[in-house]
2 protein chains.
Amino acid sequence: MDIAIIFGKLLREERIKKSITQEELSHLCELDRTYISLLERGLRQPSIKTLFSLSSALDIKASTIIIELENRL
Amino acid sequence: MDIAIIFGKLLREERIKKSITQEELSHLCELDRTYISLLERGLRQPSIKTLFSLSSALDIKASTIIIELENRL
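Residues numbered from 1 in each chain as written. Chains lettered and ligands numbered in written order. Predicted model: local features only at pLDDT ≥ 70, side-chain atom pairs only at ≥ 80, totals over all residues. Heavy atoms only, no water.

Visitor: How should the relation of the copies chain B and chain A be read in this particular structure?
Guide: Mapping between the two chain copies consists of a rotation about an axis together with a translation along that axis. With an RMSD of 0.0 Å, the fit of chain B onto chain A corresponds to turning through 180 degrees and sliding 0.0 Å along the axis. Expressed as an axis order, the relation between the two copies is that of a two-fold axis. Scanning chain B for the C-alpha nearest the rotation axis identifies Ser47 of chain B, at a separation of 1.9 Å. A high fraction, 100%, of the interface residues of chain B reappear at the interface in chain A, so the copies pair face to face through one surface. (Least-squares fit on C-alpha atoms with pLDDT ≥ 70 in both. Contact = heavy atoms within 4.5 Å.)

The structure is reproduced here in structure tokens:
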């Protein structure tokens, strides 16, 4: 499956686990809410810098997300 | 230190460890040689898809690169 799609699903799962909205996450990362929505739907894929910002906002390690992504590929 | 700079150094180290040129790596990943050079100098940062392509070409896991990046941050 496509990396962007899997990443989007993971991002959405982690955000929901933390009970935060796309709006709140966008403020935490200084990203646009629309961009978070595009990422979650796999319509955009993040740069590694954005991966680290999102991970930090969600209080997980970037490597944890990448390991889970590898498991699902 | 900047994520792009650390990533660039890591990429260069791994490429040299595998004894391949930027030119050869660019062919393996279907990326431009100039782009590989920009990445190695930290002047560009990869998307996660590019991270996976580069890792695959260098025969290492994407997560190994991200873990090393976290260690150096």
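Visitor: Hey, could you run me through the pattern of salt bridges in this one?
Guide: A pair can form between side chains of opposite charge whenever their charged atoms are brought close. In this structure the tally under the stated criterion is 12 salt bridges over all chains. Here Glu14 of chain A ties to Lys17 of chain A by a salt bridge, and the two come within 3.0 Å at their closest N and O atoms. Residue Glu14 of chain A and its partner Lys17 of chain A are both found in helix H1 (residues 3-17); the two are separated by three residues, about one turn of the helix. The class of Glu14 of chain A is buried, set by a relative accessible area of 13%. Residue classification places Lys17 of chain A among the exposed positions, given a relative accessible area of 60%. Across the pair Arg72 of chain B and Glu68 of chain B runs a salt bridge whose closest N-O atoms are separated by 2.8 Å. One end of the pair is Arg72 of chain B and the other is Glu68 of chain B, both in helix H5 (residues 62-72) and four residues apart, which spans about a single turn. One network of salt bridges, in which partners are shared, links Arg12, Arg15 and Glu40 of chain A. (Salt bridge = Lys/Arg side-chain N within 4 Å of Asp/Glu carboxyl O. Helix = DSSP H or I, 4+ residues; strand = E, 2+ residues; numbered from the N terminus. Buried < 20%, exposed > 50% of the residue type's maximum accessible area, 1.4 Å probe, protein only.)

Visitor: Would you mind going over the interface of chain B and chain A with me for this structure?
Guide: The parts lose accessible area when they come together, and the size of an interface is often stated as this lost area. The partner chain A presents 18 residues to the 18 residues of chain B that form the contact. Among the residues chain B hides against chain A, the three largest losses belong to Ile48, Lys49 and Phe52 of chain B. Together they make up 37% of the total. Scanning the region where chain B abuts chain A turns up two salt bridges. With a shortest N-O distance of 3.0 Å, Asp2 of chain B and Lys49 of chain A are connected by a salt bridge. Linking chain B to chain A there are 12 residue pairs in polar contact (both at pLDDT 80 or more). Contributing elements (two or more residues each) for the side of chain B that touches chain A: helix H1 (3-17), helix H4 (48-57) and H5 of chain B. Looking at which element gives the most residues to the side of chain B that touches chain A, the answer is H5 of chain B, with six residues. When the residues that make up the side of chain B that touches chain A are grouped by side-chain class, the tally is 11 nonpolar, three polar and four charged. (Buried area = accessible area lost by both parts, 1.4 Å probe. Polar contact = N/O pair within 3.5 Å; in protein donor to acceptor, adjacent residues only side chain to side chain. Nonpolar A, V, L, I, M, F, W, Y, C, P; charged D, E, K, R; others polar.)

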